[in-house]
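# Results of the structural survey
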Amino acid sequence: MNVGIVLERRDSDHPWETHVWHAVAVLAGADETAPWTEIAQGDGWVRYHGGSLPIELFPKETEGYKYNLSLEQPSVYVVLREAELEEEHDFFPFMVTVSPYEAQDYMDADVDQVHAVAMPNLVAAWVAGFVETHHVDEPFKKRKRKAFDPRKEGFDKPPPRVMNKWSKPGHD
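The structure contained in this document is the topic of the report that follows. Quick caveat, the model's predicted, so the values are computed rather than measured. (Residues numbered from 1 in each chain as written. Predicted model: local features only at pLDDT ≥ 70, side-chain atom pairs only at ≥ 80, totals over all residues. Heavy atoms only, no water.)

### Here's the deal with the side chain of histidine 19
With respect to the element layout, histidine 19 can be found in strand β2 (residues 19–28). Of note is the side chain of histidine 19, whose polar atom sits 2.8 Å from the side chain of arginine 9. Within the structure, the side chain of histidine 19 is placed 2.8 Å from the side chain of threonine 18, a separation counted as a polar contact. (Helix = DSSP H or I, 4+ residues; strand = E, 2+ residues; numbered from the N terminus. Polar contact = N/O pair within 3.5 Å; in protein donor to acceptor, adjacent residues only side chain to side chain.)

Shown next, in the form of structure tokens:
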């Protein structure tokens, strides 16, 4: 499902940044509005349609989707990536996901900005239908500890000899 990304550029009083970017909404089933079309503005802020991106769903990731839908406010996560060239817009929408686990991976990388925005009802219904069709509950399996056997770990053998560039095999 394609969604339009609404980005907001807000003036900042920070000494090192003149403005900040935030994803503020996604528009379900967005048409092909030209990227960076201005859609609203006010005192110190401007909102743009930053472009459209697809939300892709995968059967193996339904656990994350199910968790997201169980939250009080389900979210769509918008990943913004820094533009490489000197452009008017410092960031661009890189991807969108409804998996909080995938969003966390992008946050851990500390390269991209990840913004959670409210999930539109149309997207929530689509994701819920996908989860209902593809989700399979997997029971928790606790691993059993194996008894430690030092003979299997090689502790009964002397450590290997360390070679450096000056030592020659057979010469101690």
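### Considerations on helix α3 (residues 121–134)
Count 3.6 residues to each turn of an α-helix, and residues three or four apart come out pointing the same way. Over its 14 residues, α3 extends 20 Å from the first C-alpha to the last, a length consistent with the 20 Å expected when each residue adds 1.5 Å. Restricting attention to buried positions, one finds in α3 the residues Val123, Ala124, Val127, Phe130 and Val131. Here the buried residues of α3 occupy an arc of 125° about the axis, which is enough to place them on one side. Set apart from the buried face of α3 by more than 90 degrees, the exposed residues are Asn121, Leu122, Ala125, Glu132 and Thr133. (Expected span 1.5 Å × (residues − 1). Buried < 20%, exposed > 50% of the residue type's maximum accessible area, 1.4 Å probe, protein only. Arc of directions from axis to C-beta.)

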